[in-house]
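Here's the letter readout for the chains.
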Amino acid sequence: MTHDDRIDLSSLDPSRDADRWENIVQSIASRAAATRRRQMTIPYQLSRWALPVLAAAASLTLLIWTGALLSGGRNGATASNASSASPNASAPAYELAQWAVQEELPSTERILEVLGGSHGSN
């Protein structure tokens, strides 16, 4: 059962209806142009670069942390020695931390004194 008749596929040709074909082409071109314009905006570019930049920053941080950890071991200073050292009680950071832990609210003069500001009139 073979048929020697050729199948007419001309009805599937999209360019048969020239106006409809032109509308399809214009629609595709306008969507492509709109997508391209959206991709060229600063917020879009920042969102596209956010993940690679964060991954690079995390990798760099890990490398620096590992290097510092390894070089700290070679210099004879270990993490346990660093943590067991008593903090300098006169350091502003230590005093600010103590105030925070004890939920203390010092006077303005005391805060300025600790932070190295002037107190009183000149």
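This section reports on the structure supplied with the text. (Residues numbered from 1 in each chain as written. Predicted model: local features only at pLDDT ≥ 70, side-chain atom pairs only at ≥ 80, totals over all residues. Heavy atoms only, no water.)

## Some remarks on unusual backbone geometry
The cut-off we apply is this: We count a stretch as a helix when DSSP gives it H or I for four or more residues in a row; a strand needs E for two or more, and each element gets its number in order from the N terminus.
Positive phi, normally seen in glycine, also occurs at E103, with a value near 50 degrees. Within the element layout of this structure, E103 appears in the loop between α4 (92–101) and α5 (108–114).

## Details of the pattern of salt bridges
Short version of the rule: One side-chain nitrogen of Lys or Arg within 4 Å of one carboxyl oxygen of Asp or Glu is enough to make a salt bridge. Throughout, exposure labels follow a simple rule: accessible area from a 1.4 Å probe, protein chains only, divided by the maximum for the residue type, with under 20% read as buried, over 50% as exposed, and the rest as partly exposed.
Under the definition given, this model contains two salt bridges. Here E95 ties to R110 by a salt bridge, and the two come within 2.1 Å at their closest N and O atoms. Here E95 is found in helix α4, whereas its partner R110 is found in helix α5, with 15 residues between them in sequence. The class of E95 is buried, set by a relative accessible area of 17%. Judged by relative accessible area, which is 29%, R110 ranks as partly exposed. The shortest N-O distance in the salt bridge between E113 and R110 comes to 2.8 Å. With E113 and R110 both in helix α5 and three residues apart, the pair spans about one turn of that helix. Note on E113: relative accessible area 43%, which makes it partly exposed.

So far we have only geometry, and geometry alone does not tell us how the molecule works.
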